[in-house]
Amino acid sequence: MPEVLEVELARRGVADLLSGAVVRRVLRTDDLVVGPGVDDLITGAEIESLDRRGKQLVIVTDRGRVGVHFGMTGRWLVDDVSTIGELAYGSGNDHPRWDRWVLEVEPADGRGPVRLRLHDPRRLGRVVLEPDIGRLGPDALRLTRRQLAAVLARRMAPVKAVLLDQEAIAGLGNMLADEVLWWSGVDPRRAARSLNDDEVAALHSAIKRRLPVMLRRGGSHTGVLSPDARRADMPCPRDGAPLMRATIGGRTTVWCSAHQR
DNA sequence: GCCCTTGTTACGCC
DNA sequence: AGGCGTAACAAGGG
């Protein structure tokens, strides 16, 4: 599902195409996904840039800002081409009936109009005017050790739940949270506040090292605890100990019974 | 045909 | 007041 890596790939995937482009018209819109006023603002607008904070994408236009959130199954298609690979838990095809917002866009390079499609089978994506990014925590791709330590120190909740809290850190979802906890050797059930300096440093190191690797590989499903690994009851790839499963922070959590303490 | 999946929000409780 | 846990939503896939 779209976590910070997928959103960054989506941003990069259309940034050049859309920079300086003009939106000619809205070809399709879904009132559940697309908020009031969005289509009026975007029609005729010139796109200046694409910004991102955590999982929140921001289309900056000459008439205002439009926030795009991909939810669980949303992604961009340009004409018939996906900007990222298949999503874990996605539908596996691109049927037009799952297009929730389709723009006819005129790129600045004169190639002629293209269709920008927000493709979202489960309709958990959202497009809004002037997204409130002020409440989001620091971006996961630019998180400093000091920021991480400060966030964890004031929370009694399980560290897994805090990593998922977008107001604490913006961008981590269920798979990335499990992945960085696995690499750092921290038990997801631990109270965030109980981590010592070494453990915070290990967690920060995992975030800084693994996210760029997975970004290059194509997304949050490319880690050790991939969706396949999560489903099958496989042993821990590091030490062969049994992998545990439980609901933590309201989400299915997978961790190693031996090396995560 | 039931149950699983996750990002976000609403809500109850303490 | 605010932190925390749980449920609800959406809907295709197994």
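Structure shown above.
Here, residues in each chain are numbered from 1, in the same order as that chain's written sequence. Note on labels: chains are lettered from A, ligands numbered from 1, in written order. Given that this is a predicted model, residues contribute local features only at a pLDDT of at least 70 and side-chain atom pairs are listed and counted only at 80 or more, while totals for whole chains, interfaces and linings are drawn from all residues. Computation of side-chain values: all heavy atoms of the structure, hydrogens and water removed.

J.: Provide a residue-level description of unusual backbone geometry, including the pertinent values.
T.: Of note, the phi angle at Arg-123 is positive, near 60°, even though the residue is not glycine. Phi is positive for Glu-130, which is not a glycine, with a value near 45°. Secondary structure counts use DSSP, requiring at least four H or I residues in a row for a helix and at least two E residues in a row for a strand, with both numbered from the N terminus. By the element assignment, Glu-130 lies in the loop between β9 (126-129) and α3 (145-153).

J.: Tell me what's going on with the side chain of Arg-52, and back it up with residues and numbers.
T.: Tracing the backbone through its elements, the reader meets Arg-52 in strand β2 (residues 47-53). A 1.4 Å probe rolled over the protein chains alone gives each residue an accessible area, and that area as a share of the maximum for its type sets the label: buried under 20%, exposed over 50%, partly exposed in between. Exposure remark for Arg-52: the relative accessible area of 7% places this residue in the buried category. The definition of a polar contact used here is a pair of N or O atoms within 3.5 Å, where within protein one atom must be able to donate a hydrogen and the other to accept one, and adjacent residues in sequence count solely through side-chain atom pairs. In this structure the side chain of Arg-52 is engaged in a polar contact, spanning 2.9 Å, whose partner is the backbone oxygen of Gly-54. Within the structure, the side chain of Arg-52 is placed 2.7 Å from the side chain of Asp-139, a separation counted as a polar contact. Contacts are residue-level and defined by heavy atoms, with any inter-residue pair within 4.5 Å sufficient. Setting aside residues up to four positions removed in sequence, Arg-52 forms contacts with Val-4, Val-7, Glu-8, Arg-11, Leu-57, Asp-139, Leu-141 and Arg-142.

J.: Which residues make up the pattern of salt bridges, and what values do they have?
T.: Definition used for salt bridges: Asp or Glu carboxyl oxygen within 4 Å of a side-chain nitrogen of Lys or Arg. Evaluated as defined, the whole model comprises 17 salt bridges. Residue Glu-8 pairs with Arg-12 through a salt bridge whose shortest N-O separation is 2.8 Å. Remark: Arg-12 and Glu-8 occur in helix α1 (residues 4-18); sequence separation between them is four residues, near one turn of the helix. The exposure class assigned to Glu-8 is buried, which follows from its relative accessible area of 6%. Classification of Arg-12 as partly exposed rests on a relative accessible area of 49%. Where Arg-117 meets Asp-99, a salt bridge forms, and the shortest distance between an N and an O atom there is 2.7 Å. With Arg-117 in strand β8 (residues 114-119) and Asp-99 in strand β7 (residues 99-106), this residue pair connects regions lying 18 residues apart in the sequence.

J.: Let's hear about the protein's contact with DNA strand B: which residues, and what values?
T.: Throughout, near means a residue has at least one heavy atom within 4 Å of the molecule or strand. Around DNA strand B lies a shell of 16 residues, among which His-69, Met-72, Arg-122, Asn-174 and Arg-251 are the nearest. Arg-251 has a polar side-chain atom sitting 2.5 Å from a base oxygen of DNA strand B. One nitrogen or oxygen atom from the side chain of Thr-252 is found 3.4 Å from a phosphate oxygen belonging to DNA strand B. All residues other than Ala, Val, Leu, Ile, Met, Phe, Trp, Tyr, Cys, Pro, Asp, Glu, Lys and Arg, Gly among them, are scored as polar; the first ten of these are nonpolar and the last four charged. Its residues assigned to classes, the surface near DNA strand B shows four nonpolar, six polar and six charged.

J.: Would you mind going over the layout of surface pockets in detail, with residue names and values included?
T.: Of the voids in this model, the largest pocket is the one considered here, and its volume is about 560 Å³. Looking at the largest pocket, it is lined by 21 residues, and the ones nearest its centre are Met-1, Met-72, Gly-173, Asn-174 and Arg-251. Listing elements by their share of the lining of the largest pocket, those giving two or more residues are α5 (174-184), α7 (227-231) and β11 (251-256). Looking at the lining of the largest pocket residue by residue, the class counts come to seven nonpolar, eight polar and six charged. Of the pockets and cavities examined, the second largest pocket occupies roughly 170 Å³. Taken together, Arg-53, Lys-55, Gln-56, His-69, Val-128, Pro-131, Asp-132, Ile-133, Leu-136 and Gln-166 form the lining of the second largest pocket. Definitions used for this entry: grid spacing 1 Å over protein atoms alone; cavity, a set of points where a 1.4 Å probe fits but cannot get out; pocket, an open set with protein on both sides within 12 Å along at least 5 of 7 lines; lining residue, one with an atom within 4 Å of a point. Grid points are joined across faces, edges and corners, and a volume is the space filled by probe spheres set on the points.

J.: Outline the packing of α3 against helix α6 (residues 197-217), listing residues and values.
T.: For helices, the fitted axis covers only the stretch in contact; all axes are lines through C-alpha atoms, and the angles between them, taken along N-to-C directions, range from 0 to 180 degrees. It is at 10 Å that the axes of α3 and α6 come closest, and there the two elements cross at 125°. In terms of orientation, α3 lies oblique with respect to α6. Note on packing geometry: the crossing formed by α3 with α6 is right-handed. When α3 is examined against α6, the residues Arg-145, Leu-148, Ala-149 and Leu-152 are found in contact with a partner set consisting of Val-200, Ala-201, Leu-203 and His-204. Here the contact of α3 with α6 is composed, by residue class, of six nonpolar, one polar and one charged. In what follows, roughly perpendicular refers to angles from 65 to 115 degrees, roughly parallel to angles under 35, roughly antiparallel to angles over 145, and oblique to any angle outside these ranges. In this scheme the crossing of two helices becomes right-handed for a clockwise turn of the near helix relative to the far one and left-handed for an anticlockwise turn of less than a right angle.

J.: Account for the packing of aromatic side chains, naming residues and giving values.
T.: Between 30 and 60 degrees the pair is tilted, below 30 it is stacked and above 60 it is edge-to-face, where a pair is any two Phe, Tyr or Trp rings, Trp via its six-membered ring, whose centres lie within 6.5 Å. In the structure shown here, the tally under the stated rule is two aromatic pairs. A centroid spacing of 5.4 Å and a plane angle of 90° characterise the contact between Phe-70 and Trp-76, whose relative ring orientation is edge-to-face. With a relative accessible area of 1%, Phe-70 lands in the buried category. A relative accessible area of 0% means that Trp-76 is categorised as buried. Both rings, one in Trp-182 and one in Trp-183, keep their centres 5.2 Å apart while their planes meet at 80°; by these two values the pair is edge-to-face. The exposure class assigned to Trp-183 is partly exposed, which follows from its relative accessible area of 29%. We note Arg-97 situated over the ring of Trp-98; from NZ or CZ to the ring centre the distance is 4.8 Å. Criterion for a charge above a ring: Lys NZ or Arg CZ within 6 Å of the ring centre, and within 35 degrees of the ring normal. The ring of Trp-183 carries Arg-210 above its face, with NZ or CZ at 3.8 Å from the centroid.

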